[in-house]
Amino acid sequence: ISSAVSKGPLAGKRIIVTSGPTHEPIDPVRYIANRSSGAQGTAVARALTALGAEVVFITGPATVRPPAGVDVVAVETARDMEAAVQAALPADAGVFAAAVADWRVASASNRKLKKTTDGQPALTFAENPDILRSVAQMKTGRPELVVGFAAETNDVVENATAKRLRKGCDWIVANDVSPETGIMGGTENAVVLISATGAETWPRMDKSAVADRLAAKIAESLTKEPSR
Ligand code: CTP
Ligand code: CA
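Computed from a prediction, not measured in an experiment: that's the story for all the values here.

Scoring rules and cut-offs
- Residues numbered from 1 in each chain as written.
- Chains lettered and ligands numbered in written order.
- Predicted model: local features only at pLDDT ≥ 70, side-chain atom pairs only at ≥ 80, totals over all residues.
- Heavy atoms only, no water.
- Helix = DSSP H or I, 4+ residues; strand = E, 2+ residues; numbered from the N terminus.
- Buried < 20%, exposed > 50% of the residue type's maximum accessible area, 1.4 Å probe, protein only.
- Lys, Arg positive; Asp, Glu negative; His and termini not counted.
- Salt bridge = Lys/Arg side-chain N within 4 Å of Asp/Glu carboxyl O.
- Polar contact = N/O pair within 3.5 Å; in protein donor to acceptor, adjacent residues only side chain to side chain.
- Contact = heavy atoms within 4.5 Å.
- UniProt positions renumbered as here; feature names shortened; annotations may be inferred.

Asker: Quick question: what am I supposed to make of unusual backbone geometry here?
Answerer: Keep in mind that most residues, glycine aside, have a negative phi and that most peptide bonds are trans. In this structure, P90 follows L89 across a cis peptide bond, with omega equal to 0°. Structurally, P90 is set in the loop between α2 (78–88) and β6 (93–96). With phi around 45°, D155 is a residue other than glycine that occupies positive phi space. Considering the arrangement of structural elements, one finds D155 in the loop between β9 (145–152) and α4 (156–167). Using a relative accessible area of 47% as the deciding quantity, one classes D155 as partly exposed.

Here it is in structure tokens:
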């Protein structure tokens, strides 16, 4: 009897989890990034693994360490992350917790930018691929359950409900990251789970508790048939 065969409600299910920020280079020594620590995505990957899932954990340069027992794919940029997600398909579910940079520098310099006497560098930007949207809108081979996150600073439910429809994902885990909540970079999260059937407000709790509850919901959804 192999101890490598996992047990639990998600045994035999393959789930892609994206996590952390992405770094978008300006030149070989500088980059554009965001304040994501990777804590929530890491907690989700750990919780799914604990329920027996085979997790492919695709992470940008996070400050927290990846959980044990997952297949780690470390990436830097949004485009790297997109390629890693495509390579990891097919999967039963995808949970897109990464804080993907919306823009990259249109043409990163392959030499360090130097101070000159004629002023500051003018950076121009290009939009990054929307990884969640491309998976959610796959015509064939789409994961059965596609879950996005939405960090908002205002009108959380309205913005996230519109985002769910625009992206074409099944669920959005929405949270308020306005500075006064202290959520960005903290250990707790307060989320609203938005699906086709409405919005479910969860109390503020540890990111690990949010992850456990989300993983349990994912297990329920992947092991029953009906509408989500
Ligand atoms: N996402 C993604 N690829 C991107 C941008 C976002 O996969 N290039 C995913 C995130 O991982 C998250 C969801 O999409 O699950 C929502 O991210 P968010 O930044 O809230 O959405 P955007 O469409 O970028 O909208 P906004 O203008 O509010 O940033
Ligand atoms: Ca964004």
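Asker: What should I look at first to understand the side chain of E24 in this one?
Answerer: Mapped onto the fold, E24 is located in strand β2 (residues 24–27). It turns out E24 is buried and unbridged, and the closest side chain with the opposite charge, R104, is 6.0 Å from it. Here T22 takes part through its side chain, which lies 2.8 Å from a polar atom of the side chain of E24. When sequence neighbours within four positions are dropped, the list of residues in contact with E24 reads Y31, I32, T77, A78, A101, W103, R104 and N128.

Asker: Could you clarify how one ought to interpret the UniProt feature "binding site: CTP" (unreviewed entry) in the protein in this entry?
Answerer: Summarizing the sequence annotation, UniProt attributes the feature "binding site: CTP" (unreviewed entry) to D102, K112, P129, D130, I131, L132, F149, K163 and K167 in the numbering used throughout. In three dimensions, the annotated residues from a span of 66 residues occupy distinct locations, with a maximal C-alpha spread of 37.6 Å. Note that K112 resides in the loop between β7 (103–105) and β8 (125–127). Residue class for K112 comes out partly exposed when judged on its relative accessible area of 44%. In this view, K112 contacts D27, P28, V29 and R30; residues no more than four positions away in its chain are not counted. Following the sequence through the fold, L132 ends up in helix α3 (residues 131–136). Residue L132 is classed as buried on the basis of its relative accessible area, which comes to 8%. The contact partners of L132, leaving out residues within four places of it in the chain, are F96, V146, V147, G148, K167 and C169.

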